[in-house]
Amino acid sequence: MELSRRNFLYSSLSISTLAMTNSFASVIEKVDSTFSPDVIIELTAQENRVSLTSDFSTMLWSYKGRLIKGPQDTLSEIKGSYLGPSLQFNTGDKVKIIFRNKLPESSIIHWHGLDVSHENDGHPHFAVNTGESYEYNFVVQNRAGMYWYHPHPHGRTGKQVFNGLAGLFIVRDQVEKKLTLPNNDQEMNFVFQDRLFDKQGNIDYRPTMMGAHGNVLMVNGKIAGETISVKQGTYRIRILNGCNARVFNLALSNGLKISQIGSDGGLLEKVNELELFYLAPSERVDFLLDFSEMKTGEKVSLDMYNLSAKLGDDSHPVLEFEVNNLKGERFSIPETLAPYKKLKRSEAVNNINIKKFELVMAHGKGWTINGQGYEADRYEDYEIINFGDTEIWEFYNPTGMPHPMHIHGTPFQILSRTSVGPFKGSLDEGLKDTVLLMPGDRVQIIKEFNTFKGVFLYHCHNLEHEDFSMMRNYKIV
Ligand code: C2O
Ligand code: CU
Ligand code: CU
């Protein structure tokens with residue numbers, strides 16, 4: 001079944017009507033007048049023309065950044081890309097970001113993975129119209145890691161992201177600095193996306209119940225396929241799956257294991273060896289790749305496999321590295337990376353009464369969580385949480401499709417997973433903000449709700465599922 005554009009329009013119209021009658025006044029805290037930002041930037045969402053090949057240029061949407069106050073390296077543009085500037089902050093930075101909407105429709109920015117208050121979280125309720133702006137003021141509280149930003153208006157997130165709106169949000173901290181990991185040009189960040197183009201070379205957004213897929217692989221907002229020249233040294237590589245719907249199944253071409261050092265919420269405590277692993281929409285992986293012992297001209301690629309494939313089956317390269325004749329720095333993997341507090345089952349207030357979330361399609365509602373689609377201002381009992389509590393949530397996927405479930409707010413930890421069939425290889429280590437549920441999977445996560453009161457979202461990060469309408473609010477009171 002295809003989602004028609006009319007369905008989308010209808011769902012966004014009905015929601016904005018709801019939003020007008022609904023008041024968040026009780027949870028909006030006054031902006032602290034003593035807040036004096038260390039860094040001020042402006043991000044404008046606007047139409048943009050990018051030459052993605054020599055034959056055609058594409059009209060799409062991009063975030064354009066401008067640094068108003070703060071260090072020069074806060075903002076870095078990726079040349080020839082449609083992605084917004086990569087932002088870089090330190091933990092503890094006080095940040096003001098002014099979002100200007102020059103799109104022909106309403107929008108709002110969400111800082112994916114960042115722990116910020118309700119009014120800084122880009123909740124669809126705060127979407128601003130064409131020509132309007134929205135001001136964010138927050139302190140970066142997260143540990144070092146690769147986070148990202150993207151639009152979050154209800155019913156339009158999929159379209160806006162597919163049209164080009166997204167960017168990286170890198171956080172640094174002292175713990176990471178002391179570890180001496182590969183840095184400067186031996187640290188590389190990648191955003192994987194797929195896109196569909198029409199004959200004129202413009203983006204062709206086709207939402208379906210399966211999500212919007214493309215047939216062209218994009219890396220960092222450019223068409224994939226460029227070989228990356230690397231020195232004979234150790235590299236730190238971080239990847240964000242920025243696709244609307246595509247789950248990657250990845251492995252190295254040389255059969256070697258990948259030394260994972262970080263996840264969605266930053267560094268792991270100890271290195272984790274990966275063979276063939278899934279990277280679902282909005283998940284991040286951080287790993288070291290050592291080219292020190294390789295000869296000039298040698299190539300290694302990161303290959304993508306079918307979701308049910310085994311190592312050695314058919315695959316296609318996504319990233320290809322070629323070793324050059326330069327000596328790079330060599331790094332060893334620190335014994336201990338960045339410890340974090342492990343949450344135990346016994347700490348959860350509901351450890352004998354675990355909250356259950358079933359990912360199902362409901363008649364007339366599309367994709368849902370426990371049979372409920374998005375509602376602006378209605379909560380089930382289990383969606384109201386006492387501030388300070390730690391809870392265990394169980395997601396179950398009885399459908400035939402993957403659902404990457406994302407929860408806003410503090411990162412969570414994965415307690416258990418049961419899988420059926422051939423679907424193994426999810427990234428469960430470390431601090432997470434998205435957990436992949438392959439068909440048949442049952443996963444328990446544990447999460448603290450102890451930083452901000454207010455209304456936050458949890459949803460499937462298949463963006464067409466989110467828009468239609470596998471998304472709910474939860475409220476911390
Ligand atoms: Cu990356 Cu609520 O989203
Ligand atoms: Cu998010
Ligand atoms: Cu889904």
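You'll find the structure just up there.
We now turn to the structure provided with this report.

### Description of the overall build of the protein chain
Piece 1. A tally of helices and strands in the protein chain yields four helices and 31 strands.
Piece 2. In summary, the protein chain has a C-alpha radius of gyration of 21 Å against a globular reference of 23 Å for 477 residues, a match within 12%.
Piece 3. Projecting the C-alpha coordinates of the protein chain onto the three principal axes gives extents of approximately 65 × 55 × 55 Å.
Piece 4. Within the protein chain, the fraction of its 477 residues that count as buried is 60%.
Piece 5. Considering only contacts within the protein chain whose residues lie at least 6 apart along the sequence, 77% involve residues at least 24 apart.

### Examining the coordination of the copper ion (ligand 2)
Piece 1. Within the protein, His110 (NE2) and His406 (NE2) serve as the donor atoms for the copper ion (ligand 2), at 1.9 Å. In this pair, histidine 110 sits in strand 6 (residues 109–112) while histidine 406 sits in strand 26 (residues 403–407), placing the two residues 296 residues apart along the sequence.

### Concerning the pattern of salt bridges
Piece 1. Scanning all chains against the criterion turns up 30 salt bridges.
Piece 2. Here lysine 344 ties to glutamate 347 by a salt bridge, and the two come within 3.8 Å at their closest N and O atoms.
Piece 3. Glutamate 375 is the salt-bridge partner of arginine 378, the closest N and O atoms lying 2.9 Å from each other.
Piece 4. Residue glutamate 375 is classed as partly exposed on the basis of its relative accessible area of 24%.
Piece 5. Here the salt bridges do not stand alone but share partners, grouping Arg172, Glu176, Glu187, Arg236, Arg238 and Asp286 into one network.

### What to know about the pairing of strand 10 (residues 187–195)
Piece 1. Of all nine residues that make up strand 10, eight are buried, and the element is covered over most of its length.
Piece 2. Here six bridges tie strand 10 to strand 14 (residues 234–241), and the two strands are oriented parallel to one another. Counted as the bridge partner of phenylalanine 192 is asparagine 241 from strand 14.
Piece 3. Strand direction decides the pairing type here: strand 10 and strand 11 (residues 216–219), joined by four bridges, are antiparallel. The residue bridging arginine 195 from the neighbouring strand is valine 216, located in strand 11.

### So, the coordination of the copper ion (ligand 3)
Piece 1. Those protein atoms acting as donors to the copper ion (ligand 3) are His403 (ND1), Cys460 (SG) and His465 (ND1), and they sit at 2.0 to 2.2 Å.
Piece 2. Here the donor residues for the copper ion (ligand 3) map to a single chain with the spacing H-x56-C-x4-H. Of the two residues, histidine 403 sits in strand 26 while histidine 465 sits in helix 4 (residues 463–467), which places them 62 residues apart along the sequence.
Piece 3. Taking the relative accessible area as the measure of exposure, histidine 403 reaches 0% and is therefore buried.

### Notes on the sheet that holds strand 31 (residues 471–476)
Piece 1. Taken together, five strands build an open sheet; the order of strands is 24-31-30-26-28 and the sheet is mixed. At either margin of the open sheet sits one strand with a lone partner, and together these are strand 24 (384–385) and strand 28 (434–437).
Piece 2. Two strands pair when backbone bridges link them, and strand 24 and strand 31 are joined in this way by two bridges, in the parallel orientation. Its bridge partner lying in strand 31, isoleucine 385 is registered against isoleucine 476.

### Examining the environment of tryptophan 61
Piece 1. As for its position among the elements, tryptophan 61 is in strand 2 (residues 57–69).
Piece 2. A relative accessible area of 7% means that tryptophan 61 is categorised as buried.
Piece 3. Considered as a pair, tryptophan 61 and lysine 159 are 98 residues apart in the sequence and their alpha carbons are 10 Å apart.

### So, the side chain of aspartate 173
Piece 1. Checked against the element boundaries, aspartate 173 lands in the loop between strand 9 (167–172) and helix 3 (174–178).
Piece 2. Comment: no salt bridge for buried aspartate 173; closest opposite-charge side chain is arginine 143, at 5.7 Å.
Piece 3. Of the polar contacts made by the side chain of aspartate 173, one reaches the backbone nitrogen of glutamate 176; its length is 2.9 Å.
Piece 4. For aspartate 173, the contacting residues outside a window of four places in its chain are Thr91, Arg143 and Ala144.

### A short note on the packing of aromatic side chains
Piece 1. Applying the stated criterion across every chain yields a total of 25 aromatic pairs.
Piece 2. Plain terms: the ring middles of tyrosine 235 and phenylalanine 291 are 5.5 Å apart, the flat faces sit at 75° to each other, and that makes the pair edge-to-face. Remark: phenylalanine 291 occurs in the loop between strand 19 (284–290) and strand 20 (299–305) and tyrosine 235 occurs in strand 14; sequence separation between them is 56 residues. Each member of the pair, tyrosine 235 together with phenylalanine 291, is buried.
Piece 3. In this structure, arginine 195 is placed above the aromatic ring of phenylalanine 162, and the distance from its NZ or CZ to the ring centre is 4.5 Å.
Piece 4. Positioned above the aromatic ring of tyrosine 340 is the side chain of lysine 342, whose terminal nitrogen or guanidinium carbon lies 4.2 Å from the ring centre.

What counts as what
- Residues numbered from 1 in each chain as written.
- Chains lettered and ligands numbered in written order.
- Predicted model: local features only at pLDDT ≥ 70, side-chain atom pairs only at ≥ 80, totals over all residues.
- Heavy atoms only, no water.
- Helix = DSSP H or I, 4+ residues; strand = E, 2+ residues; numbered from the N terminus.
- Rg over C-alpha atoms; globule rule 2.2 N^0.38 Å.
- Buried < 20%, exposed > 50% of the residue type's maximum accessible area, 1.4 Å probe, protein only.
- Contact = heavy atoms within 4.5 Å.
- Donors = N, O, S within 2.8 Å, 3.2 Å for Na, K, Ca; no water.
- Salt bridge = Lys/Arg side-chain N within 4 Å of Asp/Glu carboxyl O.
- Pairing = 2+ DSSP bridges.
- Lys, Arg positive; Asp, Glu negative; His and termini not counted.
- Polar contact = N/O pair within 3.5 Å; in protein donor to acceptor, adjacent residues only side chain to side chain.
- Phe/Tyr/Trp six-rings, centres within 6.5 Å; stacked < 30°, edge-to-face > 60°.
- Lys NZ or Arg CZ within 6 Å of the ring centre and 35° of its normal.

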